[in-house]
Amino acid sequence: MSPALGATEMGPAPSRLAVIQSAPDFDLTTHNGERLRRRDLKNKVCLVSFIFTTCNGTCPATTHRMVQVEDALKAAGMWKEDNVQLLSITLDPARDTPEKLRHYMQLYGADDTHWTFLTGSADRIAQTIAAWGMWTKPMPNGQIDHPSRIYLVDSKSQVREIYNLSFMDPAWVVKDIQLLLQESKKLGNK
Amino acid sequence: MKTYLKYRWTWLGAGVLGGVLFAGVAAAETCLSPFVKRLDKPEQFLYVFCVDAAAKNNDFLIVIDVNPESVKYGTIIHQLDLGSSGNETHHFGFTDDRTHIWGCSLISSRIFIIDVTAEPAKPRLVKVIEDLPAKTGLTGPHSPYALPGRMLISFLGGKNGGLPAGLAEFNNDGKFLRTLDLPQDAPYMYDVAIKPAINRMVTSSFTPLENYRKPLAQMDLKNFGKELLVWDFHERKVIAKLTTGLAPLECRWSLQGKANFGFTNCALDDSIWVWEGNDNGAYMARKLCTTGKLPADLRQSPDDRYLFVSCFGSNEIQQWDVSDRKAPKLTSTIAPGVQPNMMHLTGDGKRMYITNSLLSTLDRAPTFWVRLAHVGPDGMKMDPFFNVDLTKFPTGPARGHDMLLY
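Residues numbered from 1 in each chain as written. Chains lettered and ligands numbered in written order. Predicted model: local features only at pLDDT ≥ 70, side-chain atom pairs only at ≥ 80, totals over all residues.

### Quick word on the overall build of chain B
Move 1: Looking only at helices and strands, one finds three helices and 28 strands in chain B.
Move 2: A compact globule built from 406 residues should have a C-alpha radius of gyration of about 22 Å, and chain B, at 21 Å, falls within 12% of that.
Move 3: Judged by the C-alpha coordinates and their principal axes, chain B covers about 70 × 55 × 45 Å.
Move 4: Counting across all 406 residues of chain B, residues that qualify as buried make up 53%.
Move 5: Within chain B, contacts between residues at least 6 apart in sequence are counted, and of these 49% link residues at least 24 apart. (Helix = DSSP H or I, 4+ residues; strand = E, 2+ residues; numbered from the N terminus. Rg over C-alpha atoms; globule rule 2.2 N^0.38 Å. Buried ≥ 20, exposed ≤ 12 C-beta atoms within 10 Å, placed from the backbone. Contact = placed C-beta atoms within 7 Å.)

Dropping the structure here:
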C-alpha cells in the first residue's frame, strides 16, 4: 500500500518527511573555538542534538546513537561529500568549554570531519535552546533536566524530522538523509 | 586511535546500560505515548477533563490533589475554565516533554493546549486551535498522541462529520503539518498507538460525528467500524487491515521489548481482541475473551500481565490475566458505581483512578464522580474514602472523562 500522506498547508505532492518548522538560526562557538552560524551550513542536511558532557541521563545514549549514525553514513559512502553535518549543541555552556567538548568527542570517537560540537555564552545558548523549542531545568543533584530530541534539518533550513532515542534507528536516519539530499538535488542545490 | 576506540566501547557499554536503565523507568507508565517523558515520582495532581453536563456552561479541567501527604488530598484544588461550551471535551494527552496537555473535543472539534509546567497545581490555557475541519478536512479530534516535538491526533470523521476519518500531525506550537489518509475500505478511526521498537503503529475504529452526536437509540449501528489498521510508522504506510468485533476502541501494544502483539476492546461486541504479528511480517486478530457489557476503556498493568476493562453497560471493571494469551483468566471484578468508564493506572500499577462518563449522548448515570481502586496481589479493591463528587460545581454537574497525572 502506498504512503497515506494527505493534505498539507504547504501544497500538493507531500514528501514522506513533512516540514515541521523552520530551523532557528544560531551563532555559537565550535569545539575548536571557531565561530559557527546556522547560515554557514547552508545547503547541508544537518542532524542536531542537544547534550551536555556531564549528563548521566540520556545524553550518553544520544551521543552514542549519533556515533552509530556517523558509522552508518560512512558505510553508505555519505561521509565523503560535504553535504551532511552532525551538530551537538551543549545545554550547559558554563561547564562545556571548547576543551571539554574536544575531550568528550575523543571519548566517543566522534569524527569532526562532519561533526561539530557547539558551545557559547550563556545568553547565546539560552536563546538557541529556546528557539529550537528545547528547555533546561537545573536539578538539585547538579544535573539538568531537558527533553530528548534530535532534529533533522534539510538544506533549506527546515526541520523535517524529530527523533528521540525510542525511535532513531541509524539505518532510518540515513534513509531520511538520503531522501532530503535527493529532494535538494531536484531543487537544484549542491 | 586505540585509546579512542577503548573509550568508545566503554561509553558504548555505559550508553547501552543507561539506555536499559532509562528504558526500565520509561516503561513504567502505561497507556501513554512511548514518546512522553515519564513521571519519575509519585503523583501529586490528577487532571480530569470535564464536560458541563447540561452543555450550557463552559467545559473545564479540574485538578484533584492526590498526594496522600497533603491536607487537601482527595479534593478539587483548581478549576480551569476552557472558555467555551458544547465541546464534548473527551481525551487529552501530554506533549513529549510533558510540559503541556492537548485536550480534544468531539463535538466542537476544538483543541485546547494547556500549560502544566509553570504552575502544575494551576494549569493555564495557552492556546485554542479552532477551525480544524477547514484546516485538516477532519472532525472530532479524539486521541492526542505525542510524537517527538509533535502531536499526532486521530480524528473520528471527515470535514462534514461523515467519512472518511483520518489522522493529522501538528508541531508542538499547534501548527497543522499534514494529514494521514485512510484506505478507502477502512475509513473509520478511533485510537492510535505506536510501538517504536518494532516500527509499528495501530489505529482502530469507531463512528463519525454525524452518528455519535445522536442518542444511542438513534445511532446507525451499521455505521461503525470493525477494523484495526497496522502501519509501518516510519513510512506512514498501512501494511495490514484486520477485522475485529464491532467498534474496536483503545489500542494497547504489549509493553514487552519487541513483542509484536497488542489488545483492543470491542465496545459493541462485549469482547477484548488481540492482534499478533508473526516472523513473516503478517498480522492476524482474534477474540481473546468475552467481557461485561459495553467495554469502553482498556488499561494495562506495567508488567504487561493484566488488562483492566471498564464495562460501561454492566457497571463493573474487570481485571484479566493475559499472561497466557491462549487462556486469559478473569482475576477480579469491582463495581465502582454506575457506568464506570475512563481509568488511569499509576506507573507502579497500584492505583487506578476512575471516572464515569462516556459521551453525553450515552450517559445514564444520575451522578458523576472520580473514584479510586487499589490494585494488589488479590486484585482490585475500591478505596472507601476517595470519592470526588462532580455534581456540585456552581455551574452544576460535570461529566468527568479522561485523566492524567502530574
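### Considering the nonpolar core
Residues and elements named next belong to chain B.
Move 1: Core analysis: the biggest nonpolar cluster contains 162 residues, and Val48 and Leu61 have the highest contact counts within it.
Move 2: Top contributing element to this core by residue count: strand β1 (residues 45-52), with seven residues.
Move 3: The contacts of Val48, once residues within four sequence positions are left out, are Leu61, Ile62, Ile64, Thr355, Val370, Gly400 and Met403. (Core = buried A, V, L, I, M, F, W, Y, C linked by C-beta atoms within 7 Å.)

### Looking at the sheet that holds strand β15 (residues 237-243) of chain B
Residues and elements named next belong to chain B.
Move 1: Judged by pairing direction, the sheet is antiparallel, and its four strands sit side by side in the order β12-β13-β14-β15 without closing on themselves. On the outer flanks of this sheet lie β12 (192-195) and β15, each paired with one strand and no other. Going across the sheet, the axis of each strand differs from the next one's by a mean of 20 degrees, ignoring polarity.
Move 2: Relative to β15, strand β14 (residues 227-232) is paired through six bridges, and the arrangement is antiparallel. Its bridge partner lying in β15, Glu227 is registered against Thr243. (Pairing = 2+ DSSP bridges. Axes fitted to C-alpha atoms, helices over the stretch in contact; angles between N-to-C directions.)

### Some words on the pairing of β12 of chain B
All names here are of chain B.
Move 1: Burial along β12 is two-sided: Val192 and Ile194 and Ala193 and Lys195, pointing in opposite directions, are all buried.
Move 2: Bridging between β12 and strand β13 (residues 200-203) involves four bridges; their strand directions are antiparallel. For Val192, the partnering residue across the bridge sits in β13 and is Thr203.
Move 3: Connecting the antiparallel pair β12 and β13 is a turn made up of four residues, with Asn199 showing a positive phi of about 55 degrees.

### Observations regarding the sheet that holds strand β11 (residues 176-180) of chain B
All names here are of chain B.
Move 1: Pairing is antiparallel in the open sheet, where four strands are placed in the order β8-β9-β10-β11. Of all strands in the sheet, those bounded by a partner on one side alone are β8 (138-147) and β11. Strand after strand, the sheet turns through a mean of 25 degrees between neighbouring axes, direction not considered.

### Considering the environment of Lys72 of chain B
Move 1: The residue Lys72 of chain B is located in the loop between β2 (58-65) and β3 (76-85) in this model.
Move 2: Setting aside its immediate chain neighbours within four residues, Lys72 of chain B contacts Asp65 and Ile77 of chain B.

### Structural notes on the confidence of the model for chain B
Residues and elements named next belong to chain B.
Move 1: For chain B, the mean per-residue pLDDT works out to 93, and 93% of the residues sit at or above 70.
Move 2: Every residue in residues 1-28 is under pLDDT 50, and counting partners more than four places away or in other chains gives 30 contacts.
Move 3: Confidence metrics for the complex model read pTM 0.93 and ipTM 0.92. (pLDDT = per-residue confidence, 0-100.)

### Side note on the packing of helix α1 (residues 59-75) of chain A against helix α4 (residues 170-186) of chain A
For any two helices packed against each other, the geometry comes down to the angle between their axes and how far apart the axes lie.
All names here are of chain A.
Move 1: At a closest axis distance of 9 Å, the pairing of α1 and α4 adopts a crossing angle of 55 degrees. As the angle between them shows, α1 and α4 are arranged oblique. You can see that α1 and α4 cross each other, and the crossing is right-handed. Counted together, Gln68, Val69, Ala72 and Leu73 of α1 and Pro170, Ala171, Val173 and Val174 of α4 form the full contact between these two elements. (Parallel < 35°, antiparallel > 145°, perpendicular 65-115°, else oblique. Left-handed = near helix turned anticlockwise from the far one by under 90°.)

### Considering the environment of Val173 of chain A
Residue and element names in this part refer to chain A.
Move 1: Along the polypeptide, Val173 turns up in helix α4.
Move 2: Residue class for Val173 comes out buried when judged on the 21 C-beta atoms lying within 10 Å of it.
Move 3: Sequence spacing of Val173 and Leu187 is 14 residues, and the spatial spacing of their C-alpha atoms is 21 Å.
Move 4: Excluding anything up to four places from it in sequence, Val173 contacts Leu47, Val69 and Met168.

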